[in-house]
Amino acid sequence: MSVKEEQLVWVEAVSYEELAFNTGKTIRYQGEEVALFKLSSGKLQAIQNRCPHKDGVLAEGIVCDEHVFCPMHDRKIHLPSGLVQLPDTGCVKTYSTKLQDGIVYIGFAKAEELAS
């Protein structure tokens, strides 16, 4: 399900310059844990920080192009879609990001959207 921008709470995460290329950073907000990545292209991606297989911490995974490899069992996850790549299956939640005045923001669904 796609969440419209007006249905999001934008949370300040980190300075864009503080993010290393192709390295994950863990961001926590109201019980949610997000892995934030700045790809070599400069593009930002944010996904749920736990692999659907065995809860590996994806912010500690190896990034290659638009994928992150789970550090526990090497599951390959497509960062823009959150889909685990074949032959494995599963998916992780993705989050919207935006860059404003050098600060990275992550969009979280508003509380009433999380409850439904």
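Residues numbered from 1 in each chain as written. Predicted model: local features only at pLDDT ≥ 70, side-chain atom pairs only at ≥ 80, totals over all residues. Heavy atoms only, no water.

Peer 1: Looking at this structure, I do not really get the pairing of strand 3 (residues 32-38). What am I missing?
Peer 2: Regular strands place side chains that alternate from one sheet face to the opposite one. Burial of strand 3 is extensive: 6 of the 7 residues sit out of reach of the surface. In this structure, strand 2 (residues 24-29) lies alongside strand 3, joined through 6 bridges in antiparallel fashion. Bridging across to strand 3, Lys-25 finds its partner in Leu-36. Between strand 2 and strand 3, which pair antiparallel and follow one another directly, the connecting turn spans 2 residues, one of which, Gln-30, has a positive phi of 45 degrees. Looking at chain direction, strand 3 and strand 4 (residues 44-48) are connected through 5 bridges and run antiparallel. Its bridge partner lying in strand 4, Phe-37 is registered against Gln-45. Turn length for the strand 3-strand 4 hairpin, with the two strands adjacent in sequence and antiparallel, is 5 residues, and the turn residue Gly-42 shows positive phi of about 95 degrees. (Buried < 20%, exposed > 50% of the residue type's maximum accessible area, 1.4 Å probe, protein only. Helix = DSSP H or I, 4+ residues; strand = E, 2+ residues; numbered from the N terminus. Pairing = 2+ DSSP bridges.)

Peer 1: Looking at this structure, how should I read the packing of aromatic side chains?
Peer 2: Two aromatic rings are characterised by how far apart their centres lie and by the angle between their planes. Considering all chains together, one arrives at 2 aromatic pairs under this definition. Pairing Tyr-95 with Phe-108 gives two aromatic rings, centres 5.3 Å apart and planes at 55 degrees, and the pair type is tilted. Of this pair, Tyr-95 sits in strand 8 (residues 94-100) while Phe-108 sits in strand 9 (residues 103-109); the two residues are 13 residues apart in sequence, bridging distant segments of the chain. Phe-108 matches Tyr-95 in its accessibility class, with the two residues each being buried. In this structure, Lys-38 packs its charged tip against the face of Phe-21, placed 4.3 Å from the ring centre. Here the guanidinium or amino end of Lys-98 rests over the ring plane of Tyr-105, the centre of that ring lying 6.0 Å away. (Phe/Tyr/Trp six-rings, centres within 6.5 Å; stacked < 30°, edge-to-face > 60°. Lys NZ or Arg CZ within 6 Å of the ring centre and 35° of its normal.)

Peer 1: Can you help me understand unusual backbone geometry in this one?
Peer 2: Backbone geometry follows two general trends: most residues other than glycine have a negative phi, and most peptide bonds adopt the trans configuration. Leu-86 connects to Pro-87 through a cis peptide bond whose omega is 10 degrees. One non-glycine residue, Gln-30, adopts positive backbone phi at about 45 degrees. With respect to the helices and strands, the residue Gln-30 is situated in the loop between strand 2 and strand 3. The phi dihedral of Asp-65 is positive, around 55 degrees, even though this residue is not glycine. When you line up the elements, Asp-65 lands in the loop between strand 5 (62-64) and strand 6 (67-69).

Peer 1: Looking at this model, I keep getting lost on the side chain of Ser-15. Mind explaining?
Peer 2: Examined against the element boundaries, Ser-15 turns out to sit in strand 1 (residues 8-15). A residue is classified by how much of its surface remains accessible, and Ser-15, at 19% relative accessible area, is buried. Apart from residues no more than four positions distant in its own chain, Ser-15 is found in contact with Gly-102 and Ile-103. (Contact = heavy atoms within 4.5 Å.)

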